[in-house]
Every structure is written in C-alpha cells, then in structure tokens.
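These are the residues of each chain, in order.
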Amino acid sequence: MFAKILIANRGEIACRIIRTCQKLGIKTVAIYSTVDQDALHVKMADEAHLVGEAPPHDSYLNMSNILDAAKASGAQAIHPGYGFLSENAEFARLCEEANICFIGPNPEVMEKMGDKMRSRKLARKAGLPILPGTDDAVSNEDASTKAWELGFPLMVKAADGGGGIGIHIIENQEELMPLIERTRQIAESAFGSSRLFFERYLKDASHIEVQLLGDTHGNLVHLHERDCSVQRRNQKLVEETPSSTKLTPKARRRVSSLATKLGKFIDYTSLGTVEFLVTADGSVFFLEMNTRLQVEHGVTELVTGLDLVELQIRAAAGEHLPIKQEDVSINGHAIEVRIYPEDPETFMPDAGDITDLHQPKGKHIRIDSALCNNYTVELDYEPLMAKIMAWGEDRDQAIKTLQRALLEFRVEGVKCNISLLRDILATKEFADATYHTGSMPKWIEEFQTRTQNKCGNGKMHNNRNGHNIETPNAHKNGNENGEREIAAAIGVSLAMAMKSFQPVAPATFSPWRIYGRREQLLSRTLGNRGWL
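Notes on the structure in this doc start here. Not measured: the values here are computed from a predicted model.

Some points on the sheet that holds strand β13 (residues 284-290)
Next, step 1: In space, the eight strands of this open sheet follow the order β13-β12-β9-β10-β11-β14-β19-β17, with antiparallel pairing throughout. Looking at the sheet topology across the chains shown, the edges are occupied by β13 and β17 (365-369). Averaged over all neighbouring strand pairs, the angle between strand axes comes to 25°, with direction disregarded.
Next, step 2: Sheet analysis places strand β9 (residues 206-214) next to strand β12 (residues 271-278), joined by eight bridges and oriented antiparallel. When the bridges of β12 are listed, Leu213 appears paired with Leu271.
Next, step 3: Against the sheet, helix α11 (residues 308-316) touches β9, β10 (220-232) and β12, its axis set at about 45° to β9.

Describing the sheet that holds strand β3 (residues 47-52)
Next, step 1: Ordered by their spatial adjacency, five strands build an open sheet running β3-β2-β1-β4-β5, and the pairing between neighbours is parallel. With one partner strand each, in any of the chains shown, β3 and β5 (101-102) form the two edges of the open sheet.
Next, step 2: Note: strand β1 (residues 4-7) against strand β2 (residues 27-33), four bridges, orientation parallel. Considered in β2, the bridge of Ile7 is made with Ala30.
Next, step 3: Packed on one face of the sheet, helix α3 (residues 63-73) meets β1, β2, β3 and β4 (77-79) and runs near 155° to β3.

Considering the pairing of β2
Next, step 1: Burial runs high along β2: six of the seven residues are buried.
Next, step 2: For the crossover from β1 across helix α1 (residues 11-24) to β2, the handedness is right-handed.
Next, step 3: Alignment of β2 against β3, held across five bridges, turns out to be parallel. Opposite Ser33, over in β3, you have Gly52 as the bridge partner.

Thoughts on the nonpolar core
Next, step 1: Val230, Leu237, Val238, Ile339, Ile354, Ile424 and Phe430 are the most contacted members of the largest nonpolar core, which has 70 residues in total.
Next, step 2: Looking at this core element by element, the count peaks at six residues for α1.
Next, step 3: When neighbours within four sequence positions are excluded, Leu237 is seen to be in contact with Val230, Gln231, Arg232, Glu336, Val337, Arg338, Tyr340, Asn417, Leu420, Leu421, Ile424 and Met440.
Next, step 4: Within the second largest apolar cluster, 28 residues are counted, among which are Leu6, Ala54, Tyr60 and Ala89.

Some points on the pairing of β9
Next, step 1: Within β9, nine of the nine residues are buried, leaving the element largely enclosed by the surrounding structure.
Next, step 2: Burial along β9 is two-sided: Ser206, Ile208, Val210, Leu212 and Gly214 facing one way and His207, Glu209, Gln211 and Leu213 facing the other are all buried.
Next, step 3: Pairing geometry for β9 and β10, over six bridges, is antiparallel. In the sheet register, Val210 faces β10, and the bridge partner there is Glu225.

Focus: the environment of Ser244
Next, step 1: Assignment of secondary structure puts Ser244 in the loop between β11 (235-241) and α9 (249-265).
Next, step 2: Residue class for Ser244 comes out partly exposed when judged on its relative accessible area of 40%.
Next, step 3: With 18 residues separating them along the chain, Ser244 and Arg226 place their C-alpha atoms 9.9 Å apart.
Next, step 4: Sequence-distant contacts of Ser244, defined by excluding residues within four places in its chain, comprise Glu225 and Arg252.

Quick look at the pattern of salt bridges
Next, step 1: All chains considered together, the criterion is met by 36 salt bridges.
Next, step 2: Notably, a salt bridge pairs Glu199 with Lys157, separated by 2.7 Å at the nearest N-O pair. Of the two residues, Glu199 is situated in strand β8 (residues 196-200) and Lys157 in strand β6 (residues 154-162); the sequence distance between them amounts to 42 residues. Grouping residues by exposure puts Glu199 and Lys157 together as buried.
Next, step 3: Where Glu342 meets Arg232, a salt bridge forms, and the shortest distance between an N and an O atom there is 3.9 Å.

Side note on the environment of Thr279
Next, step 1: Structurally, Thr279 can be placed in the loop between β12 and β13.
Next, step 2: In sequence terms Thr279 and Asp204 are 75 residues apart; their C-alpha atoms lie 7.4 Å from each other.
Next, step 3: In contact with Thr279, other than residues within four places in its own chain, are Leu202 and Phe285.
Next, step 4: Polar contacts involving the side chain of Thr279 include one to the side chain of Asp281, which spans 2.3 Å.

Comments concerning the environment of His297
Next, step 1: Within the fold, His297 resides in helix α10 (residues 297-304).
Next, step 2: Sequence separation between His297 and Thr273 is 24 residues; the distance between their C-alpha atoms is 9.7 Å.
Next, step 3: Beyond its immediate stretch of four places on either side in the chain, His297 contacts Ile13, Arg16, Arg226, Leu308, Val309, Arg366 and Lys387.
Next, step 4: Within polar-contact distance, the side chain of His297 engages the backbone oxygen of Gln294 at 2.9 Å.

Quick notes on the rules
- Residues numbered from 1 in each chain as written.
- Predicted model: local features only at pLDDT ≥ 70, side-chain atom pairs only at ≥ 80, totals over all residues.
- Heavy atoms only, no water.
- Pairing = 2+ DSSP bridges.
- Helix = DSSP H or I, 4+ residues; strand = E, 2+ residues; numbered from the N terminus.
- Axes fitted to C-alpha atoms, helices over the stretch in contact; angles between N-to-C directions.
- Contact = heavy atoms within 4.5 Å.
- Buried < 20%, exposed > 50% of the residue type's maximum accessible area, 1.4 Å probe, protein only.
- Right-handed = clockwise from strand over helix to strand, strands pointing away.
- Core = buried A, V, L, I, M, F, W, Y, C linked by side-chain atoms within 4.5 Å.
- Salt bridge = Lys/Arg side-chain N within 4 Å of Asp/Glu carboxyl O.
- Polar contact = N/O pair within 3.5 Å; in protein donor to acceptor, adjacent residues only side chain to side chain.

These results come straight from atomic positions and should not be treated as a statement about function.
Here it is in structure tokens:
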C-alpha cells in the first residue's frame, strides 16, 4: 500500500479522497492555485503545494508543476479525482516515467476509450450494440451527405470531448452547418481537436451507466447501474441507483452484462463507468466509457456499503480485489442531486463569497462538499458546489429524505439551483420513474410558466437561496418585469458569449470557464439543443 498520495484536484472530490486516505493511514498531499490557498482540501491534507495561478492551465492542468510537487513531497502515487487530468493519457505516461503510480487505468486504455469514435469501434468489436453513426471524422464538405444518409435528428459530437461539452442535437438540414461550426470551434478550443462525428439521436431514452471495478490480476466486477437521465445541456443534475423502478430485471442484467463484457475485452484495471442509452422497450445502445472515478459514485457506495475510492487505491497498489461478483449486493435506494451556483430560473452562473451556510445533517443524508462560511465560489473551475445524497429502504423513502435535506440546505451570498432540484423531485414523472433524457426541457418550460404566473399574481419570487418567499405587495405587472429580466439576461448572455469567441492569451485560458460557461449562457438564447 502507498504511504503518501498526492491528490491532483480541488474542491469536494479532493476532500472526499483525503478522507479515505486518512481512514487507510495514508499521508496526503494537496495542490492548490493562488485563489485556493485557504480552501478546505488544503487544510485537510498533511501538506500542500502551490502549483500556479488561478487559470487551470497554470495550476490544476499544469502537469510539470504537479509532478514537481509529487517528487518534492515524496508521494508514491497521484489520484486525479474527476475532471482536470483524470482522463489524460499523457499525464498518466509522465507519472509512469517519473516512477509515480497514476491511480487509474493504463494510458493505452485511456486513449482507446477517450477517443469517442475509437471507443465505438471497440464496443462493436466486443459485441455491444451501438447507435448508427459515422465511423470516421466528418468534414464540412461531406457533412450534408453523411447527415442525409444517417437521417435527422442526429447528434454531432466532439470525438475527443468530455464533460458534456461539444455535443449538440441537429433537427434538420438548416441547423446542420451552423451547429457543426459551433461545435467544431468549441471542440478545438476546449480539447485541442476539431474532429467531429455523427450519431443517431435516440429521443426520450434513459441514460443508464454501469460501475465497473477491475484490478491488475484479471479480476473485474460490476457494481450495478445508475440512472443519470435528468440532465440540462449535457450536465447531470440527479442520479439514482438502482433503476429497478424503471428497468425490468432483464434490462438491468443486460446492461451490467454488456458493461462487464466490454471491461474484460479491454482488460480494464480500475474504476470506470460504461454508459448506455436504454429505450422504453428495453433496447440498449453503448454510448461511451469514462475511465475515471465518477462524480456520482457516492450513491453506489450508499447502496453497496463499499468505499469505491479505497477499492480504486488498492487496485492501483497491485492488490487483488477483495470482492467477487456474488459479494456485491444492493441494499435500499440512493439518490444524488448536484448543487450548482446558478440562478434557478435564468440559469445564469453566479459567483461570490458565501456569507452564511447551513448544510443538513441526519441519518441517511450524505453531503460531499468543500463549502464553508467565507468560501469564495469562483468561475475559474467546474461549478459544482456540493452533492447531496439520501438513502432509503425504498425509492419513496429516499426521495422524501432528499426533499427534506433540500429544504434544510441554506447558502447565502451565492445563488444556487436548490429550488429547481426540489421542483424536479416533485414532478409526477420523477415520482413514477418515467422520466428520460428529454424530460428536463419540458419540466423547465412548466416551471418557468408556473413561476411567471405566480409572479404575475403577486404571490412569490425566489431569493438568492432558490427558496420561494412571499411577496404580497408585488407589482401587478410581475409578468412584464419577469420578461424584462429574462431579456436582460439574454443580452448579457450574448455579450459574454460573443466576447468569449475573441482570442484568449494562453496564460489565461480556461476551458471550463470560457467554453463550458458559454454553453450555459447560450442556452438562454439558442434553446436546449445539447443532448439532455
């Protein structure tokens, strides 16, 4: 086992990894940028090293500085968490060359599955069903022909993409070239590659993913499935496990079997997730594979009783998996929601200092966050503030526990999406588990119509917390004022979006901030065209 691990990440996931290391008696090394010097993960670690200025390319994506910190600290291994360098094969190779263990799969597997077109071919070779699509990159010249051959609607995807960036739905020929050009620009800037491919869009399917765990001795198990179908512009908002209310036992066995089949085919040796689209009639199609620890791993831990980070570390250290497939069982139901710093009505991102914070506590509630009073929510990094999870003996109980936790969660100083999450949990489709990847746009329209009607009647509005408060003396023209606010938000969105297209100096480049945020901003004006 390792004596010391450097965590090449920040925020809640860095804190999460540190807690497991402390349990195992492993010393931890944190890295931080100039704006994170007082962050919680820095305080929790045994030692911390400054790796650069705030922009990610100067700090959390600065491979050279991170490796220097690992060498200076004597760390034997680096845990990348998720995001940043977690799926970067080049970084994994540099770790190997420095005789430092990269806690994840080997670089060759990361390259194979990180290339979306290559992973489709591998999945097909392994015997998995895939959606109709293009096997090679699509050029502008042959885009129209390829699109007509495939048929509309279709998805255009960045071949080297990730994090939900660089995916758009194209409904017809008129939208084809504008969205291809937009996707190509984003892909080039965010991932350094403008390669795109087409894939048939499967409407109203469910996004089901299967958690895999392998070791270097040929052992591989699945830890069952998660439903991640509640998404807005490719960003997951709610995840739950198991999906037994929605999927038949046969469908659940099928996705787990297919995921395991692919994992064995590529000799997978770490934590990873195979993602599928599942239709209402039970048809299953391979989507992609994430070769890292997932944001939503916590719900799997709640129902299996396993510490996935510990198992991942042990596998990286060369140990045999301590469990076999028959040892993995599910107890109860777990649901997670993600807290983002954004206006729950306009979805405009927010930032600032947290002036007051109350995070709910109680039996069967788990919160993964790095929040504290006076914490500064920045726009430099991926905007996840916290994850709230709830466990129940059954799904209904888990929903009720999570709803109570959301009512108790309070954060002042920064707007967040709590009221949106509460509205989602209260929908009939979510209660009945009949929701799918196309549900969110419909819900948003319903929520906005309801809010406008309430404001127009002078009933209520949202405070910065996202909680409703009474406004008995509201102006009679609340509807009109709401429309003006939305119009103002659209204007700001367009201004910021257009500004982000200007050349950016390398020293201040930030794909999360510039391109991910632009995608959020443009959603107010160009519609929900991303794959949801």
